[in-house]
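Observations on the three-dimensional arrangement
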Amino acid sequence: MLKPAVHPALMSNPDTITAVKGFRDVLPDETRRWRLLDEAAARVFGRYGFEEIGLPIVERTELFARSIGDTTDIVEKEMYSFADRDGTSLTLRPEATAGVVRAYLESGLAQRDPTARLYYRGPMFRRERPQRGRYRQFHQIGVEAFGREDPLVDAELLVMLTRYLDDVGARDTRLELNSVGDAVCRPVYRERLRAFGTARLAELCPDCHRRLERNPLRILDCKVESCRRVVASAPVVLDSLCDGCRAHLDAVRALLEQESVPYTMNPRLVRGLDYYTRTAFEVVGATLGAQNAVGGGGRYDGLVAALGGPDVSGIGFALGVERLAMVVPAEVGAEIPPAVAVLPLAPEAVGPAFGLATRLRDAGLSVALEPAGRSVKALLRAADRRRARVAFILGEDELRAGRATIRDLVRHEDRRQALALDAPSAVLAETVRSMLGGDA
Ligand code: ATP
Ligand code: MG
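First things first, this report covers the structure right here in the doc. Residue positions are given per chain, counting from 1 as you read along its sequence in written order. Naming scheme: in the order in which they are written, chains are lettered from A and ligands are numbered from 1. Reporting in this predicted model follows two pLDDT cut-offs: at least 70 for local features of residues, and 80 or more for side-chain atom pairs to be given and counted; totals over whole chains, interfaces and linings ignore these cut-offs and use all residues. Hydrogens and waters are ignored; side-chain quantities use all the structure's heavy atoms.

1. Topic: the overall build of the chain
The number of helices and strands found in the chain is 17 helices and 16 strands. Compactness check: the chain gives a C-alpha radius of gyration of 28 Å against a globular reference of 22 Å for 440 residues, more than 25% above the reference. In terms of overall dimensions, the chain has C-alpha extents of about 90 × 55 × 45 Å along its principal axes. Here the chain holds 440 residues, and 50% of them are scored as buried. Put simply, of all contacts in the chain between residues at least 6 apart along the chain, 70% involve residues at least 24 apart. Secondary structure is summarised from DSSP: a helix means a run of H or I of at least four residues, a strand means a run of E of at least two, and numbering begins at the N terminus for each. Between the two quantities, the radius of gyration covers C-alpha atoms and the globule rule is 2.2 Å times the number of residues to the power 0.38. Buried residues are those whose accessible area, probed at 1.4 Å on protein chains only, stays under 20% of the maximum for their type, while exposed residues exceed 50% and partly exposed ones sit between those limits. Residues are treated as being in contact if the distance between any of their heavy atoms lies within 4.5 Å.

Here it is in structure tokens:
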């Protein structure tokens, strides 16, 4: 799963170049599934007024340093940064929220359409330790909604997220919710947590020692088993919320309950990134093991201003496509559209076969066109490999008569049907579709 073993045929060859560790190929069995996930995003998010934004993969390093926060794992040690030829420090985006905010400001959307709703999809890059469900290039589908601080937006986003997961057939996931407070109450909580951690320093990992100094909330996110045991008894942010944050959370919860959205409160849920305020949530996959977060998100009310924009709020989430694909049933995207094979037996049949294939393709069918000069048996084997269900066979007899033989490859019966070689697209397609019984 992590990285397909190098094919034995390549292993013995020292000249072979393999992919970089943590970077993987996405083969057709997977891209087919991913396409359905993309299409569902466009469809479901569209109902909530989200439109797609395309963003560059490379941004200035300072964009991430300023938005994600330089005390996070991402900025501290996971970014792929490099100096451009003119010395500018650039970074392969580790996430897309910062880029969306930059674009929102730079394009003038912040003025023209302050409550813009945008979604994105594409690759992200983080130099983490590769393992199942964790790669150095991975993919996200995410959304951001700007300019609204009312709890209705939080609830809308969460309903949309559950509808999306239902739409793609995601199984065994649960939604976890928390509030991480705001500029009023979080500093108070941060100090409580720091005091708690400092008293139990010996049980915490070296990373958490550093976190305690610079960003104590992150100890709640630590994946080291001993740290997890310690933080299980840490004070929770919910007990420190100010009145404003408490009211916001209560309102979100009431709206979710009104729409019967199932969720569980997780008072230890914090997001890895610094800019979150109030609502924080995660979609957790029960069957995923250690890398169990399918997606996460929350409010980031201070981020736009931190990046030099007006003081507008934002809220969003990002789903990890690789992990999402793991909780979606195998059938999703497994079906391949039925194909037609065009099989020229003799060299003279190549031209007519090509014409036939073109007209079938023009009619919307998927056609495998084989080269001439092989036996019928070899050609039928090739058709099978291309998963064809109907074959047009053009031998000498057929050419002489100006007719192709059509064979039903599914029933393995010689249900032959003759057809004029120069039949128009529509007639050819109709013949194939009637043989496939409406599957095409
Ligand atoms: P994790 O706790 O698993 O490290 P995260 O909090 O770093 O996740 P986010 O930054 O919130 O993750 O990104 C949202 C989603 O992107 C995650 O829930 C996960 O599904 C996916 N994701 C994050 N990092 C990776 C990775 N290295 N490989 C694959 N998917 C990832
Ligand atoms: Mg992470």
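The structure having been displayed, the exposition proceeds.
2. Digging into the pairing of strand β11 (residues 314-320)
The two faces of a sheet get side chains in turn, since along a regular strand they alternate between them. Burial analysis of β11 places seven of its seven residues in the buried class, which makes it a mostly covered element. Residue alternation in β11 divides its side chains into two sets, G314, G316, A318 and G320 and I315, F317 and L319, and both sets are buried. One ladder, built from seven bridges, connects strand β6 (residues 137-146) with β11; its direction is antiparallel. Within β11, the position partnered with V143 by the bridge is F317. Any two strands with at least two DSSP bridges between them are considered paired. Note: strand β10 (residues 293-299) against β11, five bridges, orientation antiparallel. Bridging across to β11, G298 finds its partner in G316.

3. Structural notes on the environment of F146
Within the fold, F146 resides in strand β6. Overall, the relative accessible area of 1% leaves F146 in the buried class. Taking the C-alpha atoms as reference points, F146 and P114, 32 residues apart in sequence, are found 6.5 Å from one another. Setting aside its immediate chain neighbours within four residues, F146 contacts V100, V101, Y104, P114, T115, A116, L118, Y300, V304, S313 and G314.

4. A closer look at the packing of helix α2 (residues 28-47) against helix α7 (residues 151-167)
All axes here are fitted lines through C-alpha atoms, helices being fitted over the stretch that makes contact, and every angle between N-to-C directions spans 0 to 180 degrees. The N-to-C vectors of α2 and α7 enclose an angle of 145°; their axes lie 10 Å apart at closest approach. The crossing of α2 and α7 is right-handed. Taking contact as the criterion, the partners of L37, A40, A41, R43, V44, F45 and R47 in α2 are, on α7, M160, R163, Y164 and D167. For this classification, Asp, Glu, Lys and Arg are treated as charged, while Ala, Val, Leu, Ile, Met, Phe, Trp, Tyr, Cys and Pro are nonpolar and the rest, including Gly, are polar. Class assignment for the residues of the contact of α2 with α7 results in seven nonpolar, no polar and four charged. Should the near helix be turned anticlockwise from the far one by less than a right angle, the crossing is left-handed, and should it be turned clockwise, the crossing is right-handed.

5. As for the pattern of salt bridges
Here, a salt bridge means any side-chain nitrogen of Lys or Arg that lies within 4 Å of a carboxyl oxygen of Asp or Glu. With the rule as written, the count across this model stands at 21 salt bridges. Between R102 and E59 there is a salt bridge, with its nearest N and O atoms 2.6 Å apart. Taken together, the residues R102 in helix α5 (residues 97-106) and E59 in strand β2 (residues 58-60) connect sequence positions 43 residues apart.

6. Here we look at a nonpolar patch on the surface
Distance thresholds for patches are 9 Å for like charges and 5 Å for nonpolar side chains (Val, Leu, Ile, Met, Phe, Trp, Tyr), applied to residues having over 30% relative accessible area and no salt bridge. Computed with the Shrake-Rupley method and a 1.4 Å probe, the accessible areas treat only the protein chains shown as cover for residues. Judged by side-chain polarity, I57, V58 and F82 come together as a nonpolar surface patch covering roughly 210 Å² of accessible area. On the secondary structure map, V58 appears in strand β2. Residue classification places V58 among the partly exposed residues on the basis of a relative accessible area of 33%.

7. Looking at helix α9 (residues 206-214)
Residues separated by three or four positions in an α-helix point in the same direction, a consequence of the helix having 3.6 residues per turn. Where α9 is concerned, the buried positions are C208, R211 and L212. Across the axial projection of α9, the buried residues extend over an arc of 105°, all falling on one side. Exposed residues on α9 whose side chains face more than 90 degrees from its buried face are P206 and E213. What the arc describes is the spread of directions from the helix axis to the C-beta atoms.

8. Some remarks on the site of ligand 1
Here, proximity means that at least one heavy atom of the residue falls within 4 Å of the molecule or strand. Neighbouring ligand 1 are 15 residues, the closest being R126, E128, K223, R271 and A293. R134 places a polar side-chain atom, nitrogen or oxygen, 3.0 Å from an oxygen atom of ligand 1. Contacts described as polar in this section are N or O atom pairs within 3.5 Å, which, within protein, must combine one atom able to donate a hydrogen with one able to accept it, while residues neighboring in sequence count only if both atoms come from side chains. Note that a nitrogen atom of ligand 1 is positioned 2.9 Å from one of the backbone N or O atoms of Y135. Summarising the interface, the protein chains cover 92% of the accessible area of ligand 1, which totals 580 Å² for the free molecule. Put simply, the parts of the chain that give the shell around ligand 1 at least two residues each are β6, β10 and β11. Broken down by element, the residue count for the shell around ligand 1 peaks at three residues, all from β10. Looking at the shell around ligand 1, its residues break down into five nonpolar, four polar and six charged.

9. Focus: the packing of α7 against helix α11 (residues 243-258)
Interaxial distance between α7 and α11 falls to 9 Å at its minimum, and their mutual angle equals 40°. With respect to α11, the axis of α7 lies oblique. For the pair α7 and α11, the sense of crossing is right-handed. Touching P151, L152, D154, A155, L158 and V159 of α7 are H248, A251, V252, L255 and L256, all from α11. Any angle between 65 and 115 degrees counts as roughly perpendicular, while under 35 counts as roughly parallel, over 145 as roughly antiparallel, and the rest as oblique.

10. Details of the sheet that holds strand β7 (residues 173-179)
With mixed pairing, eight strands are arranged side by side in an open sheet as β1-β5-β6-β11-β10-β9-β7-β8. Edge positions in the sheet fall to β1 (51-52) and β8 (264-265), since each of these pairs with one other strand and no more. With six bridges joining them, strand β9 (residues 277-285) and β10 adopt antiparallel strand pairing. Along β10, the bridge assignment pairs E282 with G296. Against the sheet, α7 engages β5 (117-125), β6, β7, β9, β10 and β11, with an angle of about 15° to β11.

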